[in-house]
Amino acid sequence: PVDISVKTRLGWADPAEFEAILALYERFPIKELILHARVREEFYEGEAHRDIYQAALLKSTLPLGYNGDIFTKEDACSFAEMNPRTTQLMIGRGMLRNPAIAREIRGGAPMTNEELRTFYHLVHDGYLSVMENELHVLFKCKELWTYLITQFPENKKYAKALKKANKLAAFDAVVEELLTSVPLSQR
């Protein structure tokens, strides 16, 4: 015997597909079903279909976890309060936006600029250690910062400079200026 958990979307094109999908999952001894409350065609666009998740919570005998649009501590706490039978929250893009979100949800301190700097350098240096082409590292770092930049409300100037950077050193200089110039208290 092996415990199995499954992460699923609502379906391919229509959220109504999930009723049949849930009936299928219910036939198996799944330890936990984690529902990303979107269909595949939506990718990550629009709002998650929390109503479908809530209906599944009422109907399903399986332990249900939730994934979709949890970006802040407030999002997580509000969702958990409204859905107390939820076994866990899976936080994807929210963790990319704020690497300290799990700590914050548990009542810990918000992320500091220094922690964000350390996090970024760990990712940056990790990419450099496995990728030979610095341009590929630049693109990976740009992708990461499309999420991290959301922690800075007044980010237009820096977001534009990060997007325009065509060398890793130039990109890193913008990151350093941002982390040095915009204190956490202003986020």
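Residues numbered from 1 in each chain as written. Predicted model: local features only at pLDDT ≥ 70, side-chain atom pairs only at ≥ 80, totals over all residues. Heavy atoms only, no water.

S.K.: It is not clear to me how the sheet that holds strand 3 (residues 64-67) should be interpreted in this structure. Could you clarify?
M.R.: What holds strands together in a sheet is hydrogen bonding between their backbones, with the strands either parallel or antiparallel. Here we have four strands laid out as an open sheet, ordered 1-2-3-4, and parallel in their pairing. The open sheet has two edge strands, strand 1 (5-11) and strand 4 (89-90), and neither has a second partner. Bridge count between strand 3 and strand 4: two bridges; the pairing is parallel. If you follow asparagine 67 over to strand 4, its bridge partner there is methionine 90. The sheet strands contacting helix 2 (residues 50-59) are strand 1, strand 2 (32-39) and strand 3, and the helix crosses strand 3 at an angle near 175°. (Pairing = 2+ DSSP bridges. Helix = DSSP H or I, 4+ residues; strand = E, 2+ residues; numbered from the N terminus. Contact = heavy atoms within 4.5 Å. Axes fitted to C-alpha atoms, helices over the stretch in contact; angles between N-to-C directions.)

S.K.: Is there a simple way to think about the confidence of the model for the protein in this case?
M.R.: A low pLDDT score tells you not to read the predicted coordinates there in detail. Of the residues in the protein, 97% have a pLDDT of 70 or more, and the chain-wide mean is 93. Within the protein, helix 7 (residues 134-148) carries the highest mean pLDDT (97), whereas helix 2 carries the lowest (93). (pLDDT = per-residue confidence, 0-100.)

S.K.: I would appreciate a short explanation of helix 7 in the present structure.
M.R.: Note: α-helices contain 3.6 residues per turn, so residues at a spacing of three or four share the same orientation. For helix 7, built from 15 residues, the straight-helix expectation of 21 Å at 1.5 Å per residue is met to within 8% by its first-to-last C-alpha distance of 20 Å. Looking at helix 7, one finds that the buried residues are Val137, Leu138, Cys141, Lys142, Leu144, Trp145 and Leu148. Buried residues belonging to helix 7 abut helix 4 (93-97), helix 6 (113-130), helix 8 (156-164) and helix 9 (168-181). Among the residues of helix 7, the N-terminal cap falls to asparagine 133, whose side-chain oxygen and the backbone nitrogen of leucine 135 are separated by 2.7 Å. (Expected span 1.5 Å × (residues − 1). Buried < 20%, exposed > 50% of the residue type's maximum accessible area, 1.4 Å probe, protein only. Polar contact = N/O pair within 3.5 Å; in protein donor to acceptor, adjacent residues only side chain to side chain.)

S.K.: When you look at the side chain of arginine 38 in this model, what are you seeing that I'm missing?
M.R.: By secondary structure assignment, the location of arginine 38 is in strand 2. In terms of polar contacts, arginine 38 uses its side chain to reach the backbone carbonyl oxygen of glycine 46, at 2.6 Å.

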